[in-house]
There are 2 protein chains.
Amino acid sequence: MSGARLAFSSRGNALIGQAMFQVLDGARRLEESGVKILHLELGNPRLPPPPQIVAATIAALQKGDVGYTYSAGLPALRQAIASRYNVRHHCAVGEKHVVISPANFLIGQFLDLCCDRGDRVAFFTPAFPTYWAAAAHIGLEVVPVPLDPKRRYELTHVEIDAALAARPRAIVVNSPNNPTGAVYARAALDYLADCCETAGIWLLADETYGEIAYGAAFHTLAKKRLPHVVVMSSFSKIFAIPGFRMGYAIAHPAVADKLIQSLSTQLSCLSAFTQQGCVAGLKVIDRYAADLRDRFRGINAAISDLINRSNLLRCTAPAAGFYLFVDISSLSDNDLEFCQRLLEEQHVAIMPGRSFGAAYAHHVRLATCGRSEEVQEGVTRLMDLARQLAPAMCA
Amino acid sequence: MSGARLAFSSRGNALIGQAMFQVLDGARRLEESGVKILHLELGNPRLPPPPQIVAATIAALQKGDVGYTYSAGLPALRQAIASRYNVRHHCAVGEKHVVISPANFLIGQFLDLCCDRGDRVAFFTPAFPTYWAAAAHIGLEVVPVPLDPKRRYELTHVEIDAALAARPRAIVVNSPNNPTGAVYARAALDYLADCCETAGIWLLADETYGEIAYGAAFHTLAKKRLPHVVVMSSFSKIFAIPGFRMGYAIAHPAVADKLIQSLSTQLSCLSAFTQQGCVAGLKVIDRYAADLRDRFRGINAAISDLINRSNLLRCTAPAAGFYLFVDISSLSDNDLEFCQRLLEEQHVAIMPGRSFGAAYAHHVRLATCGRSEEVQEGVTRLMDLARQLAPAMCA
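Residues numbered from 1 in each chain as written. Chains lettered and ligands numbered in written order. Predicted model: local features only at pLDDT ≥ 70, side-chain atom pairs only at ≥ 80, totals over all residues. Heavy atoms only, no water.

> Talk me through the overall build of chain A; I want residue IDs and the actual numbers.
Counting its regular elements, chain A contains 15 helices and 13 strands. For a compact globule of 395 residues, the expected C-alpha radius of gyration is about 21 Å, and chain A comes in at 21 Å, within 12% of that figure. Its C-alpha atoms give chain A principal-axis dimensions of about 65 × 60 × 50 Å. A burial count over chain A gives 64% of its 395 residues as buried. The long-range fraction of contacts in chain A, counting pairs at least 24 apart against all pairs at least 6 apart in sequence, stands at 74%. For chain A, the exposed area adds up to about 13900 Å²; of that, 51% sits on carbon and sulfur atoms. When the 38 positive and 35 negative side-chain charges of chain A are each reduced to one mean point, those points stand 4 Å apart. (Helix = DSSP H or I, 4+ residues; strand = E, 2+ residues; numbered from the N terminus. Rg over C-alpha atoms; globule rule 2.2 N^0.38 Å. Buried < 20%, exposed > 50% of the residue type's maximum accessible area, 1.4 Å probe, protein only. Contact = heavy atoms within 4.5 Å. Areas by Shrake-Rupley, 256 points an atom, 1.4 Å probe, with all protein chains shown as cover. Lys, Arg positive; Asp, Glu negative; His and termini not counted. Charge placed at Lys NZ, Arg CZ, Asp CG, Glu CD.)

> Account for empty space enclosed by the protein, naming residues and giving values.
This model, assessed by the stated rule, comprises ten cavities of 30 Å³ or more. Counted as a void, the largest cavity has a volume near 240 Å³. Forming the walls of the largest cavity are 18 residues, and the residues nearest its centre are Arg245, Leu270 and Ser271 of chain A together with Arg245 and Leu270 of chain B. Looking at side-chain class alone, the lining of the largest cavity contains twelve nonpolar, four polar and two charged residues. (1 Å grid on protein atoms, 1.4 Å probe; cavity = no way out; pocket = protein on both sides within 12 Å on 5 of 7 lines; lining within 4 Å. Points joined across faces, edges and corners; volume = space filled by probe spheres on them. Nonpolar A, V, L, I, M, F, W, Y, C, P; charged D, E, K, R; others polar.)

> Report on the relation of the copies chain B and chain A, specifying residues and quantitative values.
Mapping chain B onto chain A is achieved by rotating through 180° and translating by 0.0 Å along the same axis, at an RMSD of 0.0 Å. Taken together, the rotation and translation relating the two chain copies correspond to the operation of a two-fold axis. Judged by C-alpha distance, Ile58 of chain B is the residue of chain B that lies nearest the rotation axis, at 3.0 Å. A shared binding surface is used by both copies, with 100% of the interface residues of chain B retained as interface residues in chain A. (Least-squares fit on C-alpha atoms with pLDDT ≥ 70 in both.)

> Go over the packing of helix α4 (residues 75-89) of chain A against helix α11 (residues 272-282) of chain A, please, and point to the residues and values.
Residue and element names in this part refer to chain A. Interaxial distance between α4 and α11 falls to 9 Å at its minimum, and their mutual angle equals 25°. Between α4 and α11, the angle falls in the class roughly parallel. Two packed elements cross with a definite hand, and for α4 against α11 that hand is left-handed. Two secondary-structure elements touch here, α4 through Ala76, Leu77, Ala80, Ile81 and Arg84 and α11 through Gln275, Cys278, Val279 and Leu282. Taken together, the residues of the contact of α4 with α11 sort by class into seven nonpolar, one polar and one charged. (Axes fitted to C-alpha atoms, helices over the stretch in contact; angles between N-to-C directions. Parallel < 35°, antiparallel > 145°, perpendicular 65-115°, else oblique. Left-handed = near helix turned anticlockwise from the far one by under 90°.)

> I'd love a proper account of helix α8 (residues 186-199) of chain B, names of residues and values included.
Helix length check: α8 of chain B (14 residues) gives 20 Å between terminal C-alpha atoms against 20 Å at 1.5 Å per residue, within 8%. At its buried positions, α8 of chain B is contacted by β3 (120-125), α7 (157-165), β5 (170-174), β6 (202-206) and β7 (229-234) of chain B. (Expected span 1.5 Å × (residues − 1).)

> Residues and numbers for the side chain of Ser271 of chain B, please.
Here Ser271 of chain B shows up in the loop between α10 (253-267) and α11 (272-282). Classification of Ser271 of chain B as buried rests on a relative accessible area of 10%. Polar contacts involving the side chain of Ser271 of chain B include one to the main-chain carbonyl oxygen of Gly243 of chain A, which spans 2.6 Å. When sequence neighbours within four positions are dropped, the list of residues in contact with Ser271 of chain B reads Gly243, Phe244 and Arg245 of chain A together with Met246 of chain B. (Polar contact = N/O pair within 3.5 Å; in protein donor to acceptor, adjacent residues only side chain to side chain.)

> Account for the sheet that holds β6 of chain B, with residues named and values stated.
Each strand in a sheet pairs with its neighbour through backbone hydrogen bonds, running either in the same direction (parallel) or in the opposite one (antiparallel). Residue and element names in this part refer to chain B. Strand order across the open sheet formed by seven strands is β2-β8-β7-β6-β5-β3-β4, with mixed pairing between neighbours. In the strand order of this sheet, the two ends are held by β2 (98-101) and β4 (141-146), each with one partner. Shown here is a sheet whose adjacent strand axes are inclined to one another by a mean of 20°, direction ignored. Two strands pair when backbone bridges link them, and β6 and β7 are joined in this way by four bridges, in the parallel orientation. Across the sheet, residue Leu204 finds its bridge partner in β7, namely Val230. (Pairing = 2+ DSSP bridges.)

Quick look at the structure:
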């Protein structure tokens with residue numbers, strides 16, 4: 001059979017691959033040929049999740065909890081999340097504000113519910129690859145608003161005003177940030193949210209790494225309870241369970257209802273047993289999150305120190321999460337080539353900077369959430385390649 | 001906070017609720033007040049799934065298989081499905097043709113990849129509610145092509161030619177059918193598929209109930225290997241695990257790649273542990289499916305016999321699946337009122353016919369896959385209501 005005449009829709013044609021997958025595909029081919037690859041490319045935590053989550057999921061499976069459930073999510077999980085925001089963040093969130101959904105799906109659904117084809121959307125860059133992929137799929141015009149690496153990629157009134165001046169239909173803000181590890185100042189986030197609400201601009205606040213902020217304190221925008229502001233987060237990172245595909249939004253009830261209709265139309269519902277697992281996880285989140293913060297504070301400080309002392313590569317020490325956004329411009333302005341070479345010669349997979357915006361082809365991102373001996377060895381090999389590429393500087 | 005000024009996108013506004021949920025919401029309110037409701041509304045099998053599935057899922061969880069995996073699905077599951085089609089249906093399906101996805105998601109993604117806003121899509125009616133909801137969401141014009149109840153809702157050249165004459169961008173065909181239980185003749189399906197391929201019309205063949213055909217033999221359209229024909233199915237019904245949210249498509253590699261890009265953009269990937277469960281399930285599918293066929297053949301024959309002997313309600317004895325599409329026109333032309341009354345007076349939940357197309361407001365659908373004593377009691381109460389509504393005929 002031939003596929004030559006297949007005519008897809010505009011949205012079908014607008015699906016873009018991600019540059020990252022060129023590296024991943026190469027990594028898989030090498031692994032299939034027997035080569036051991038060190039994985040520093042994905043934010044796929046290689047820590048054991050809280051045992052309570054696995055135990056509760058298994059208990060629900062054994063009880064036969066394998067039928068359909070509510071499109072909005074299990075009431076027990078929605079209530080547990082609402083209660084968490086009440087206790088931890090002192091904000092009056094109720095079950096009706098909470099929608100359970102895969103976090104990645106929420107990004108696309110937020111943009112799809114709020115923006116029409118051809119509308120503008122502003123991202124502060126570097127920005128998480130799914131934002132770009134979702135915007136391309138929907139046919140949005142992206143206005144990238146670059147953050148200043150000299151200011152540690154912090155969000156200031158300068159960038160906020162630039163984003164607003166573009167008169168977008170929606171803005172996406174991600175603090176704590178992937179890939180920079182910056183935690184934006186509360187005053188800046190509040191200013192952004194207030195301006196959006198006043199102007200009727202939709203704002204998605206992706207707070208996936210909120211519980212893993214080990215530097216500056218983290219404040220959720222859910223506290224402001226503004227109708228145009230949708231807060232989202234994920235259990236993937238904080239519980240080391242990306243395979244559960246579980247996250248949530250906190251939104252005005254009218255927006256939550258739209259998200260629920262979208263979930264109901266496209267996914268019917270999520271698994272009840274994995275949601276039961278997350279209910280159990282929320283009971284131990286404080287202890288587990290504290291462990292994660294301790295772990296990544298140490299690892300990231302050590303690695304960013306090593307990188308910066310090399311005088312070959314540069315990065316900002318992150319204040320949250322488990323990524324390092326590394327400037328390779330003194331060695332290369334082609335991240336893909338650099339990643340390819342690191343993979344083929346050193347057997348280390350990392351992510352090309354252009355996944356976070358076309359302007360970042362002289363950056364790469366390292367994920368430090370893998371097994372620690374793999375991460376350390378991966379960074380050692382990265383530095384080996386860096387020295388090879390800059391013999392004069394090292395002499 | 002007020003949501004009055006919230007302006008959603010066209011697609012956001014086009015999300016429709018489902019009439020079914022009016023009944024479901026009523027059922028939940030009654031249950032919360034302590035009333036026991038008999039559930040004959042959803043195709044939510046209340047049978048234990050094959051224990052091998054639960055055991056393999058638990059084993060994968062215990063092994064820590066909770067990370068990201070391939071967007072296209074686990075290679076082991078794609079291969080197992082391909083092998084099943086080779087052995088059971090003698091068709092040359094390979095891993096590259098198989099995409100793992102929630103089945104409900106595939107319906108929307110198929111339409112979204114193939115059709116642009118304003119395009120026409122043809123459904124043979126009555127048709128499964130998700131088709132209507134997905135078409136409305138995308139902004140498609142639906143051409144309903146009614147099947148003839150006097151011919152047991154079979155698909156013939158008459159309806160196929162009518163669908164083609166509408167010159168749609170896509171057609172959806174569902175055999176074995178939900179809600180009628182009809183299994184379409186192989187010659188008719190082949191004719192439909194060939195005509196679509198020649199005309200460049202996309203065809204989604206929803207074969208979710210293929211393994212539960214206990215009357216006429218079932219033949220998959222995957223066998224024809226036509227680029228414009230996408231076959232889909234689900235593990236929800238055949239393994240009684242709707243909560244796993246797991247199904248698959250079989251498609252031309254170019255179309256499979258598009259579906260994978262869409263999955264990757266919107267969902268990243270599915271859980272690996274539930275996919276491991278389905279791999280184990282495929283090893284025992286023949287035995288489990290034979291049990292299901294025996295069970296539903298008997299239940300459905302008995303119930304449809306009871307209904308037709310009443311001379312108040314009418315239905316076609318299904319040849320597959322576990323639904324009965326019941327004509328209530330001698331008693332009511334308002335399915336919603338009828339369902340509401342059955343719920344409030346008899347505490348039985350069933351689905352209004354209009355969920356399957358606006359022309360079916362004098363029909364209701366019963367699902368017979370619940371616990372058998374509940375199903376039998378539910379049907380008894382349905383007949384009680386029917387007799388109340390038609391005292392003269394019963395005198």
